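Here are the chains, one letter per residue:
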Amino acid sequence: MPTLLRPFRAIGLAFAASAILLVPRPSLVASAQSVVPSDVGMHAALDVILDTYVREGLVYYRALRSERGRLDAYVSNLDVPPAAFESWAKAERAAFWLNAYNALVLRTVVNAYPIKGAAAQYPADSIMHVPGAFTAKRHRVGGRLLSLEDIEKQVLPTFEDPRMFFALGRGSLGGGRLRSEAFTARRLEDQLASVAAECVERNECFRYDPSTNRVEISPIFGWRQAEFTKAWPGDTTTFARRSPLELAVLHMVVPHVLPSERRGLTQNTFTLAYSTYDWRLNDLTDGGPR
């Protein structure tokens, strides 16, 4: 019986252009189409920031730090009154939380930049050297006081769309590919479809090696296993005897792989393992990651 193996090696850095391919999520699509979103103006400042300082998922952190006024202003406006927030359509709220998380990560890095840590288990420039970056630091967002981990574990699962977890930049190469644009309700389905398509183009997310018949997947799939398996039960006929997580991963990636890769995967003889998460900072300053 095929099993989910333990991690066996890290995978290399890969940059890929985005392609918009659809993995339907009717709940968010319906919400986006039922309203005229008001969030475009709300996220305009973040859109400018991302368009200016982000390239292929990497950030010019040094430049952003020196010109951080727009970022600080955007973050200060995230504490939307709960009454107004709850009146928004689902897609507006989903876009808001994705933007809030990514903006807060940017500010967390900028506040500590340049990061120079000594803990051996992480690269010297890793966001993990910022004390409490994901767990201890609390932020006022939507009338609540939340950490980044709270947003990921408590808020995002309520939208029942696991693609959202790969829309988070996480301040690291192993996270989702940070977009050069803000999320908006009107474009959310296309944007999340692009996130899913990009996964198969990035070794940090997914890699299939036909020569060894092995699949490597991001640890993010395992971190958010409950959300992936709940949303995507998968094709139990084509991929018989696979674990619920394997089925969910295949549901997300198979529509976007090359035809030759699809033929190899559907033979259902591959082994699957987690890659090693790359905690290097997604920094484009001075030519990019080392």
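Preceding this section is the structure that the text describes.
Described below are features of the structure shown in this document. (Residues numbered from 1 in each chain as written. Predicted model: local features only at pLDDT ≥ 70, side-chain atom pairs only at ≥ 80, totals over all residues. Heavy atoms only, no water.)

Quick look at the packing of aromatic side chains now. For the coordinates displayed, the defined rule picks out 16 aromatic pairs. Taking 5.1 Å as the distance between ring centres and 35 degrees as the angle between the ring planes, the aromatic pair formed by W223 and Y277 counts as tilted. Taken together, the residues W223 in helix α10 (residues 219-223) and Y277 in the segment after β8 (271-276) connect sequence positions 54 residues apart. Overall, the relative accessible area of 37% leaves W223 in the partly exposed class. Given the relative accessible area of 11%, Y277 is considered buried. On the basis of an interplanar angle of 20 degrees and a centroid distance of 6.5 Å, the ring pair of W223 and W279 is categorised as stacked. Placement of the pair is W223 in helix α10 and W279 in the segment after β8, with a sequence separation of 56 residues. Directly above the aromatic system of F165 lies the positively charged group of R224, at a separation of 5.7 Å from the ring centroid. When the ring centre of F270 is taken as origin, the NZ or CZ atom of R242, which lies over that ring, is 3.8 Å away. (Phe/Tyr/Trp six-rings, centres within 6.5 Å; stacked < 30°, edge-to-face > 60°. Helix = DSSP H or I, 4+ residues; strand = E, 2+ residues; numbered from the N terminus. Buried < 20%, exposed > 50% of the residue type's maximum accessible area, 1.4 Å probe, protein only. Lys NZ or Arg CZ within 6 Å of the ring centre and 35° of its normal.)

As a further point, take unusual backbone geometry. Across the junction of Y113 and P114, the peptide omega takes the value -5 degrees, indicating a cis bond. Mapped onto the elements, P114 comes out in the loop between α7 (90-112) and β4 (139-141). Not every positive phi belongs to a glycine, and N268 is a case in point at roughly 60 degrees. Positionally, N268 belongs in the loop between α13 (259-266) and β8. Here N268 falls in the buried class, since its relative accessible area comes to 12%. Phi is positive for D286, close to 60 degrees, though the residue is something other than glycine. Position of D286 among the secondary structure elements: in the segment after β8. Residue D286 is classed as exposed on the basis of its relative accessible area of 51%.

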